[in-house]
Amino acid sequence: NDIEYIYSHYYNKMEYIRFSSSVGKYVGYTEFGVKNAERFNKDASVLAARKAQKETYCKNHVDNA
C-alpha cells in the first residue's frame, strides 16, 4: 500500500490529466483534462486497466528500487 502508480498526460510541458492509484480515478487540471477525466472515469474498463498497471508494473519492480 506504500506504492503509488501515477499516469500523467502533458501538453506543452503542462500536465492536463492524471490517474493516481491512491485516488483511484482520473483528475483533470485543465478544461480539456477535466472533460477527458469525466469520460475516462465513466468507462470501467479504462479504470480497471490503470488499476491493474499498479499490480503488474509497480509490484513487480519494487525490489529493483
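Quantities reported herein were computed from a predicted structural model and do not represent experimental measurements.

Trainee: I would appreciate a short explanation of the confidence of the model for the protein in the present structure.
Mentor: For residues with low pLDDT, the predicted coordinates do not support detailed interpretation. Per-residue pLDDT for the protein has a mean of 90; in total, 95% of the residues score no lower than 70. At the level of individual helices and strands, the protein shows its lowest average pLDDT in helix α2 (residues 44–61), which scores 86, and its highest in helix α1 (residues 31–42), which scores 97.

Trainee: I'm lost on the pairing of strand β3 (residues 25–28) in this one. Help?
Mentor: Two faces belong to every sheet, and in a regular strand the side chains alternate between them. Where strand β2 (residues 14–20) lies against β3, four bridges are found, and the strand directions are antiparallel. Counted as the bridge partner of serine 20 is lysine 25 from β3. Hairpin connection, β2 to β3: the antiparallel pair is bridged by four residues, and glycine 24 has positive phi, about 85°.

Trainee: I would appreciate a short explanation of the pattern of salt bridges in the present structure.
Mentor: Applying the stated criterion across every chain yields a total of two salt bridges. Note that glutamate 15 and arginine 18 form a salt bridge whose closest N and O atoms lie 2.8 Å from each other. Taking the relative accessible area as the measure of exposure, arginine 18 reaches 27% and is therefore partly exposed. Here glutamate 31 and lysine 35 are joined by a salt bridge, their closest N and O atoms 3.5 Å apart. Taken together, the positions of glutamate 31 and lysine 35, both in helix α1 and four residues apart, correspond to about one turn of that helix. For lysine 35, a relative accessible area of 51% gives the class exposed.

About the thresholds
Residues numbered from 1 in each chain as written. Predicted model: local features only at pLDDT ≥ 70, side-chain atom pairs only at ≥ 80, totals over all residues. Heavy atoms only, no water. pLDDT = per-residue confidence, 0-100. Helix = DSSP H or I, 4+ residues; strand = E, 2+ residues; numbered from the N terminus. Pairing = 2+ DSSP bridges. Salt bridge = Lys/Arg side-chain N within 4 Å of Asp/Glu carboxyl O. Buried < 20%, exposed > 50% of the residue type's maximum accessible area, 1.4 Å probe, protein only.

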